[in-house]
Amino acid sequence: MNVVFAVKQYISKMIEDSGPSMKVLLMDKETTGIVSMVYTQSEILQKEVYLFERIDSLNRETMKHLKAICFLRPTKENVDYLIQELRRPKYSVYFIYFSNVISKSDVKSLAEADEQEVVAEVQEFYGDYIAVNPHLFSLNILGCCQGRNWDPAQLSRTTQGLTALLLSLKKCPMIRYQLSSDSAKRLAECVKQVITKEYELFEFRRTEVPPLLLILDRCDDAITPLLNQWTYQAMVHELLGINNNRIDLSRVPGISKDLREVVLSADNDEFYANNMYLNFAEIGSNIKNLMEDFQKKKPKEQQKLESIADMKAFVENYPQFKKMSGTVSKHVTVVGELSRLVSERNLLEVSEVEQELACQNDHSAALQNIKRLLQNPKVTEFDAVRLVMLYALHYERHSSNSLPGLMMDLRNKGVSEKYRKLVPALVEYGGKRARGSDLFSPKDAVAITKQFLKGLKGVENVYTQHQPFLYETLDHLIKGKLKENQYPYLGPSTLRDRPQDIIVFIIGGTTYEEALTVYNLNRSTPGVRIVLGGTTIHNTKSFLEEVSAAGLPRRSTETAQITSRPASRR
C-alpha cells in the first residue's frame with residue numbers, strides 16, 4: 001500500500017497510452033497539485049510532455065502538432081471547459097482521464113461536443129488525492145465542518161477522495177468509525193453508498209483478511225496539532241509550512257533569489273528521504289557531514305583541464321556536483337532558519353512545558369511554568385496562547401482550574417483578542433464534552449505501570465515524550481482490543497482476524513507527528529500495512545484556522561471558570 005506509487009503509476013500509464021510524439025498535459029487547479037507531488041517537471045519532460053497547461057487558461061495557443069493528455073477532476077466546471085475545448089480543439093488528438101467516477105450524462109455531453117472526432121479515449125484513473133509520503137495522503141481541505149456537521153460540499157469532496165484512494169489501492173474495506181462523532185458516521189455511510197452503487201469497480205480479488213477503513217475525528221485529540229515538533233518534516237511544517245512539498249522561504253532575512261521557494265520531496269532528495277523522521281539534533285550533525293562530503297567532491301578551482309579525458313570527466317561529473325550543490329544550499333538554509341526561529345522564540349523552553357502539559361499530571365507545576373513563560377518577552381503571543389490552550393484542555397475539569405487567571409495574563413501580555421477568543425473555541429471543539437475518549441489518564445493497569453516506570457527513569461528526550469492518541473487506537477486495533485462500543489462496524493459483519501491492511505482517515509486533518517507514528521508502526525509490526533490520511537495535514541496555525549472555521553458557540557472563560565456540568569452531546 002504505497003499511495004505515491006499508486007498515483008505515479010496512473011500518470012505513467014496516461015503518458016504511455018498516448019503513444020510517442022510531443023504532448024501537452026492539460027490539468028485543473030487540483031490535478032496540477034496531484035501530479036506535482038509525484039513527478040518533477042524534468043521527469044515528465046523525459047516522457048515527451050513538453051507543455052503543461054491549465055484547462056481554465058483562456059489564452060492558450062492552438063498547437064495542432066501536439067497530442068493532449070487531459071487529467072481532470074470530474075466537476076461540472078471541468079466538463080464545461082472540456083466541451084468548449086472539443087468544439088474548437090487546439091490540439092490534434094485528446095486522451096481524457098478523469099480522476100474519479102464520471103457520470104454517463106457527462107460522457108454523452110462530451111461525445112456530442114466532439115464533432116471533429118478528436119477524442120481518442122475517455123477513462124477514469126483514480127488519483128483524486130494528494131500523495132504526500134508512501135503511507136500518507138491529504139485532500140487539502142481546510143475547514144471541513146460547520147459546527148459539528150459536515151459542510152455538504154466538503155463531505156462530497158471527501159467521499160470522492162476516500163473512494164478514489166480505495167480504488168487506487170484496490171481495496172474494498174470493512175468500515176469502522178468513531179461513535180462519538182456524527183461526522184465520522186456520516187462519512188462512513190457516504191463511502192459505503194459509493195461502494196454499493198459502484199460495486200463493479202470494487203470487485204477486487206478477495207484477500208483472506210479483508211482490509212479495514214477506520215474513520216476518526218480530529219476533535220478526539222486536539223492536543224497533537226498544538227505541539228511544537230522536533231523531527232525534520234514535522235518541524236519544517238510547524239515553523240515554515242509545507243504546501244504540496246513546497247516551502248516559502250521569502251521571509252527569511254537575506255535570502256537569495258533562487259532559494260525563496262524550495263521543494264522538499266523524499267522522491268528526489270536523498271538527504272531529505274534519509275532525515276525526514278530524525279530529530280533536530282541529528283539533522284544538525286548530518287548537515288555537517290553533508291557539507292564535508294560536498295567540500296571533498298567540489299572541483300578544485302585551479303583544476304587544470306589539460307587533456308580531452310580531463311574535460312570529459314569534468315563535464316560528466318558537473319550535473320551531479322550541481323545537484324549536490326543545490327541540495328546542500330537548500331538544507332543549510334532550511335535548518336539555519338529553523339535554528340534561528342527556535343532561538344528567537346525560546347522554543348526549547350516552550351516545548352518542554354508543552355510536553356509536560358500533554359504528558360504529565362502535575363497541575364501546580366504546569367501552572368507555575370506557564371505563568372513564568374507568559375512573563376518572558378521572547379515568548380510570542382502565538383506560543384503563549386498555545387500554552388494556555390493545552391492547559392485549558394488538560395485541566396478543564398480540575399478542581400483548582402485557573403484558566404480565567406491565565407486569560408487575564410494573556411490580555412496583560414498584549415495577546416490580541418483574535419487569539420484569546422480561540423481558547424474557549426478550542427475547548428468547545430476538543431474539550432471533554434466533545435471527546436469520545438479519555439486523552440489524559442491511562443486506562444488500564446499496564447498503562448499506569450508504564451507511566452509510573454517512565455516517571456522513575458525519566459525520559460530520554462523531554463521534547464518528544466508525547467505520543468499521539470492515534471498510537472493507542474491503532475495498537476488496540478492491531479491487537480484486536482479496539483472496543484466495538486466506541487468504534488463500531490458499519491453494517492452487520494465484523495473482522496475476526498487481526499487486520500493486515502488498514503486505512504485510517506481523520507476528519508478535520510491529520511499531522512506529521514501522526515504520520516511518523518504510522519511509519520514506525522509499519523516498521524515494527526510485520527504483516528500489518530497502514531496508510532494514514534486526513535482532510536488536510538495540520539500545523540498549529542492551520543489547526544486553529546480549522547477550529548475557527550467550525551464556528552462552534554463558545555462559553556466565556558475570561559469571566560467565568562469552566563466547571564464540570566452534565567451535558568448531552570450534540
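The structure we're discussing is the one just above.
Residues numbered from 1 in each chain as written. Predicted model: local features only at pLDDT ≥ 70, side-chain atom pairs only at ≥ 80, totals over all residues. Heavy atoms only, no water.

A. Just the overall build of the protein, in detail. Counting secondary structure elements, the protein contains 20 helices and 17 strands. In the protein, which comprises 570 residues, the share counted as buried stands at 51%. Long-range pairs, those at least 24 residues apart, make up 82% of the contacts in the protein with a sequence separation of at least 6. When the accessible surface of the protein is split by element, carbon and sulfur atoms take 50% of a total near 27400 Å². (Helix = DSSP H or I, 4+ residues; strand = E, 2+ residues; numbered from the N terminus. Buried < 20%, exposed > 50% of the residue type's maximum accessible area, 1.4 Å probe, protein only. Contact = heavy atoms within 4.5 Å. Areas by Shrake-Rupley, 256 points an atom, 1.4 Å probe, with all protein chains shown as cover.)

B. Summary view of the sheet that holds strand β7 (residues 136-138). An order of β6-β7-β16-β14-β11-β10 is seen for the 6 strands of this open sheet, with the pairing classed as mixed. Looking at which strands have only one partner, the edges of the open sheet turn out to be β6 (130-133) and β10 (174-177). On average, each strand axis in the sheet is inclined to that of its neighbour by 25 degrees, with strand direction left out of account. With respect to the sheet, helix α19 (residues 512-524) is in contact with β6, β7, β14 (501-507) and β16 (529-534), its orientation differing from that of β16 by roughly 170 degrees. (Pairing = 2+ DSSP bridges. Axes fitted to C-alpha atoms, helices over the stretch in contact; angles between N-to-C directions.)

C. Layout of the packing of helix α14 (residues 381-394) against helix α16 (residues 417-430). Put simply, α14 and α16 touch, their axes get as near as 10 Å, and they point 30 degrees apart. By the criterion of interaxial angle, the relationship of α14 to α16 is roughly parallel. Of the two possible hands of crossing, α14 and α16 adopt the one that is right-handed. Taking contact as the criterion, the partners of Glu381, Phe382, Val385, Val388, Met389, Ala392 and Leu393 in α14 are, on α16, Tyr419, Arg420, Leu422, Val423, Leu426, Val427 and Gly430. Partitioning the contact of α14 with α16 into residue classes produces 11 nonpolar, 1 polar and 2 charged. (Parallel < 35°, antiparallel > 145°, perpendicular 65-115°, else oblique. Left-handed = near helix turned anticlockwise from the far one by under 90°. Nonpolar A, V, L, I, M, F, W, Y, C, P; charged D, E, K, R; others polar.)

D. Structural detail: the pattern of salt bridges. Applying the stated criterion across every chain, the model contains 28 salt bridges. Salt-bridge contacts for glutamate 337 lead to arginine 340; the nearest nitrogen and oxygen are separated by 2.8 Å. Here glutamate 337 pairs with arginine 340, and both are found in helix α11 (residues 308-344), just 3 residues apart, close to one helical turn. By relative accessible area, glutamate 337 is classed as buried at 6%. Residue classification places arginine 340 among the partly exposed positions, given a relative accessible area of 31%. In this structure, aspartate 409 engages lysine 371 in a salt bridge whose closest nitrogen and oxygen atoms are separated by 2.8 Å. Of the two residues, aspartate 409 sits in helix α15 (residues 403-413) while lysine 371 sits in helix α13 (residues 363-374), which places them 38 residues apart along the sequence. You can call aspartate 409 buried: its relative accessible area is 18%. Among the ionic contacts, a cluster of salt bridges with common partners joins Glu238, Arg345, Glu354, Asp383 and Arg386. (Salt bridge = Lys/Arg side-chain N within 4 Å of Asp/Glu carboxyl O.)

Just geometry here; none of it tells us what the structure is for.
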